[in-house]
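Okay, here's what each chain looks like letter by letter:
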Amino acid sequence: MDLWESGERQISWAARSMPVLTAIGERFGIERPLDGLKIAACLHVTAETAVLMGALKAGGAEITLAASNPLSTQDDVAEALRAYGISVHARAGVDRATYYRHIHQALDLEPDLVLDDGCDLVNILHTERTDLLEHVTGGCEETTTGIIRLRQMAAEGALRFPVVAVNDTRTKRMFDNRYGTGQSTLDGIMRATNAMLAGRTVVVAGFGFCGRGVAERAKGFGARVIVTEIDAVKALDATLQGYEVRPMAQAATLGDLFVTVTGNRDVIRSEHLSVMKDGAILANAGHFDVEIDVRALDELATEVHRGVRPNTDEYVLPDGRRLLLLAEGRLVNLTAAEGHPAAVMDMSFSAQALAVVWLAGERSRLDPGVYDVPEEIDHEVAKLKLAAAGIGIDELTPEQEEYLHSWRVGS
């Protein structure tokens, strides 16, 4: 009961900053657009996710939820969700085998639709639970990492149902990825280390929307920011925004704090770890714990001191240098902190909820593949968010509308 009460308080607190999703849930409760549908979700089990689950349940869906990261699971929220009648298979800190067992348990529902965060659930469906594919008629994915994997599956003809790329909405990329990841990543780093950023060198690996957000927030704290990239256009963008751009081999000798935000593996490798400063801090803000080569760090170290601070492990190298790894190389913002602010997740999860309803109506007409969220959903979420904040915007006059849609009007 103590866990349930704590979870209920967290969910209520998050809902205060999620007026758009709350309103959508109330609308769903009247319209019941998901009646009779079974949904299996693999998401971070947090208070913000709980508000999304509540909205979908209000729409009539039967829901089961597994965790997309065992270190981000909030046990009290999981307990509160069970009290709401939502089946939850998640517990904080479980091992890899239990993590995958929980996903299998969620799939035992034989879902019609799936919601994924990183593509692990969809991957299991296509490799180990193929017997369920005849039941699944659509899905949603909300991470860059997951969409990369899904597009590869689609290109190879392996994807068996349509999936909506919720991550690729403008409201998700511009606000969740940039402002949410930027703030929550530095929040996690500072909770884990209490490090001062002003005057220190922060190396941000990757300058997508998430990396851009981390770089902006670090710069705002007074840090010198170095960006590493493999994409020439993004590297040029970072340069023109005033950041120093270097290859990781050079940045490795300069950084005090390293943050990986790429969606790829082995971004920081043995040759980089070998030349880092004494006391350098390593943090990952990408979805999977593969961006920092933790195995190489283990092999290099002569001693490992676990838990020198919460979510901070110290690796001592043969020459006495110490490297600090945060959150075991997992998502630092959700492991060492609480993830994105609820006000940001309000937009992302509102788009998710509306995309689920759109998919439920359109799934029979869609071939297997990766689909963008309809633009009208993105605009609806943005308008609802502005309205909730009491912000008004201009509208086109009839003359302006005609000008934009006519080629006959000259300069």
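The structure we're discussing is the one just above.
Everything quoted here is computed from the prediction, not taken from an experiment. Per chain, residue numbering runs from 1 following the sequence as it is written. Only residues with pLDDT of at least 70 get local features here, since the model is predicted, and only at 80 or more are side-chain atom pairs given and counted; chain-wide, interface and lining totals rely on the full set of residues. Side-chain measures were taken over the full set of non-hydrogen atoms in the model, leaving aside hydrogen atoms and water.

A. Looking closely at the overall build of the chain. The number of helices and strands found in the chain is 17 helices and 15 strands. The size measure is the radius of gyration over C-alpha atoms, and the globule rule it meets is 2.2 Å times the number of residues to the 0.38 power. For a compact globule of 411 residues, the expected C-alpha radius of gyration is about 22 Å, and the chain comes in at 22 Å, within 12% of that figure. A principal-axis box enclosing the C-alpha atoms of the chain has dimensions of 65 × 65 × 45 Å. Each residue gets one of three labels from its accessible area relative to the maximum for its type: buried under 20%, exposed over 50%, partly exposed in between, using a 1.4 Å probe on protein chains only. Looking at the chain residue by residue over its 411 residues, the buried ones come to 52%. Residues are treated as being in contact if the distance between any of their heavy atoms lies within 4.5 Å. By sequence separation, contacts in the chain at least 24 residues apart represent 70% of the contacts at least 6 residues apart. As displayed, the chain offers around 18,300 Å² of accessible surface, 50% of which is attributable to carbon and sulfur atoms. Side chains of the chain carry 40 positive and 60 negative charges; the gap between the two charge centres is 3 Å. Numbering of helices and strands runs from the N terminus, with a helix taken as a DSSP run of H or I at least four residues long and a strand as a DSSP run of E at least two residues long. Note on areas: these come from Shrake-Rupley sampling with a 1.4 Å probe, and a residue is covered only by the protein chains present in the view. Only four residue types enter the tally: Lys and Arg on the positive side, Asp and Glu on the negative side, with His and both chain ends excluded. Charge positions are represented by NZ for Lys, CZ for Arg, CG for Asp and CD for Glu.

B. Molecular detail of a nonpolar patch on the surface. Residues Leu-396, Tyr-403, Leu-404 and Val-409 make up a contiguous nonpolar surface patch of about 410 Å² in total accessible area. Classification of Leu-404 by relative accessible area gives exposed; the value is 57%. Nonpolar side chains (Val, Leu, Ile, Met, Phe, Trp, Tyr) are joined into patches within 5 Å and like charges within 9 Å, using only residues with over 30% relative accessible area and no salt bridge. Take a side-chain nitrogen of Lys or Arg and a carboxyl oxygen of Asp or Glu: if they are within 4 Å of each other, that pair is a salt bridge.

C. Summary view of unusual backbone geometry. Unlike most non-glycine residues, Ala-327 shows phi in positive territory, near 55°. Within the secondary structure, Ala-327 is located in the loop between β14 (322-326) and α14 (332-335). By relative accessible area, Ala-327 is classed as buried at 3%.

D. Summary view of the environment of Thr-239. Inspection of the secondary structure assignment puts Thr-239 in helix α10 (residues 232-240). We classify Thr-239 as partly exposed; its relative accessible area is 41%. For the pair formed by Thr-239 and Val-227, sequence separation is 12 residues and the distance between their alpha carbons is 8.6 Å.

E. Quick peek at the pairing of strand β6 (residues 162-165). Burial along β6 is two-sided: Pro-162 and Val-164 and Val-163 and Ala-165, pointing in opposite directions, are all buried. With three bridges connecting them, strand β5 (residues 138-141) and β6 associate as parallel partners. Bridging from a neighbouring strand, Gly-139 pairs with Val-163 of β6. Taken together, β5, helix α7 (residues 144-155) and β6 form a β-α-β motif whose crossover is right-handed. Any two strands are treated as partners once DSSP identifies two or more bridges connecting them. A right-handed crossover is one whose linking path, passing over the helix from the first strand to the second, runs clockwise when the strands point away from the viewer.

F. Fine view of the nonpolar core. In this text, buried Ala, Val, Leu, Ile, Met, Phe, Trp, Tyr and Cys residues form a nonpolar core when linked through side-chain atoms within 4.5 Å. Ranked by internal contacts, the top residues of the largest apolar core, which has 51 residues, are Met-53 and Leu-56. It is helix α15 (residues 342-362) that contributes the most residues to this core, 11 residues altogether. In this structure, Leu-56 is in contact with Phe-28, Leu-34, Ala-61, Ile-63, Leu-115, Ala-353 and Val-356, ignoring residues within four places of it in sequence. One finds Val-204, Cys-210, Ala-215 and Ala-223 within the second-largest nonpolar core, a separate group that totals 28 residues.

G. The arrangement of the sheet that holds strand β3 (residues 87-89) in detail. Reading across from one edge, β3-β2-β1-β4-β5-β6-β15 is the order of the seven strands in this open sheet, with parallel pairing throughout. The two strands at the open ends of the sheet, each matched to only one other strand, are β3 and β15 (369-372). Mean inter-strand twist for the sheet, computed between neighbouring axes without regard to direction, equals 20°. The convention used is that axes are lines fitted to C-alpha atoms, helices contributing only their stretch in contact, and that angles between N-to-C directions extend from 0 to 180 degrees. Contacts from α7 reach β5, β6 and β15, with the element oriented near 130° to β15. Against the sheet, α15 makes contact with β1 (38-43), β4 (113-116), β5 and β6, and its axis sits at roughly 160° relative to β5, the strand it touches most.

H. Here's a closer look at the side chain of Asp-120. Assignment of secondary structure puts Asp-120 in helix α6 (residues 120-127). For Asp-120, a relative accessible area of 6% translates into the label buried. Within polar-contact distance, the side chain of Asp-120 engages the side chain of Arg-149 at 3.2 Å. Look past the residues within four positions of Asp-120 in its chain and what remains in contact with it is Tyr-99, Tyr-100, Ile-103, Arg-149 and Phe-288. Polar contact is the term for a pair of N or O atoms within 3.5 Å; when the atoms are in protein, one must be able to donate a hydrogen and the other to accept it, and sequence-neighboring residues count only if both atoms are side-chain atoms.

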